[in-house]
Amino acid sequence: MTVMSAAAIEEFLDEAFPHRQGTIEGVDTMRATMSLAIEDEHLRPGASVSGPSIMGLADVCLYVAILAQIGPEAMAVTTDFNCHFLRRARGDRDLIANARLVKLGQRLAVGEVELFSAGDEQPVAIVTATYALPDGD
C-alpha cells in the first residue's frame, strides 16, 4: 500500500525539486516507474543517451518509490549509488526506469532500478542504491 499517489509525488517534487527531470508513470507498493522524454540535452556523441541522464532518472525513480511508501520527505538522501551500463540507450526513444525497493527500514532504504530504451526488452543499465532516511523525531 502506498501513502502518496503519483500525482501527489509529482506536486511535491515540482515544489521541492523543480530542476528534476522525468515523469512519474506510476507507483505501487515498493515500486515506481518513470519516463524521460529524450531531448538533445540528454545526448552524447553518437546519438546515445548520456550516463548522467540515465543515472539522474534512476536516482529520482528510486526516490519516488521511497516517497510513495513514507510520504513527502525532502531529507531522504542518496548515500550509495552503483550503476552498471549494459548497452547503448537509444537517443531516439524515451528512457524508462522501473524501481523496486528491496528493503525499507527505519533509517535506510535499499533499491534497484532497471532502465530501458522504450520498446526494448533488454535493460540499458541496472542501478543499485541506498538512501538514508531522516529520524522520525
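**Quick look at the packing of aromatic side chains**
Scanning the model with the defined rule gives two aromatic pairs in all. Arranged with centres 5.8 Å apart and planes meeting at 90°, the rings of Phe 17 and Tyr 63 form a pair that is edge-to-face. Residue Phe 17 is located in the loop between helix 1 (6-16) and strand 1 (23-28), and its partner Tyr 63 is located in helix 2 (residues 51-70); the two are separated by 46 residues in the primary sequence. Phe 17 gets classed as partly exposed once you look at its relative accessible area, which sits at 25%. A relative accessible area of 7% places Tyr 63 in the buried class. With a centroid separation of 6.0 Å and 10° between ring planes, the pair formed by Tyr 63 and Tyr 131 is classed as stacked. On the criterion of sequence distance, the pair formed by Tyr 63 in helix 2 and Tyr 131 in strand 8 (residues 125-132) is long-range, its members being 68 residues apart.

**Re unusual backbone geometry**
Here Met 30, not a glycine, exhibits a phi torsion of approximately 65°, which is positive. Locating Met 30 in the fold gives a position in the loop between strand 1 and strand 2 (31-36). For Ala 47, which is not glycine, the phi torsion reads 60° and is therefore positive. One can find Ala 47 in the loop between strand 3 (43-44) and strand 4 (48-49). Among the residues examined, Ala 47 registers a relative accessible area of 39% and is labelled partly exposed.

**Some remarks on the nonpolar core**
Ile 9, Leu 13, Val 64, Leu 95, Val 113 and Leu 115 are the most contacted members of the largest nonpolar core, which totals 38 residues. Mapped by element, the contributors of at least two residues to this core are helix 1, strand 2, helix 2, strand 6 (95-104), strand 7 (108-117) and strand 8. Apart from the residues within four sequence positions on either side, Leu 115 is in contact with Ile 54, Leu 57, Ala 58, Leu 95, Ile 96, Ala 97, Pro 123, Val 124, Ala 125 and Val 127.

**Section: the packing of helix 1 against helix 2**
The geometry of helix 1 relative to helix 2 is characterised by a closest axis approach of 10 Å and an angle of 115° between their N-to-C directions. Every pair of crossing elements has a handedness; the one defined by helix 1 and helix 2 is right-handed. Where helix 1 approaches helix 2, its residues Ile 9, Phe 12 and Leu 13 are matched on the opposing element by Tyr 63, Val 64, Leu 67 and Ala 68. A per-class count over the contact of helix 1 with helix 2 returns seven nonpolar, no polar and no charged.

Conventions used here
Residues numbered from 1 in each chain as written. Predicted model: local features only at pLDDT ≥ 70, side-chain atom pairs only at ≥ 80, totals over all residues. Heavy atoms only, no water. Phe/Tyr/Trp six-rings, centres within 6.5 Å; stacked < 30°, edge-to-face > 60°. Helix = DSSP H or I, 4+ residues; strand = E, 2+ residues; numbered from the N terminus. Buried < 20%, exposed > 50% of the residue type's maximum accessible area, 1.4 Å probe, protein only. Core = buried A, V, L, I, M, F, W, Y, C linked by side-chain atoms within 4.5 Å. Contact = heavy atoms within 4.5 Å. Axes fitted to C-alpha atoms, helices over the stretch in contact; angles between N-to-C directions. Left-handed = near helix turned anticlockwise from the far one by under 90°. Nonpolar A, V, L, I, M, F, W, Y, C, P; charged D, E, K, R; others polar.

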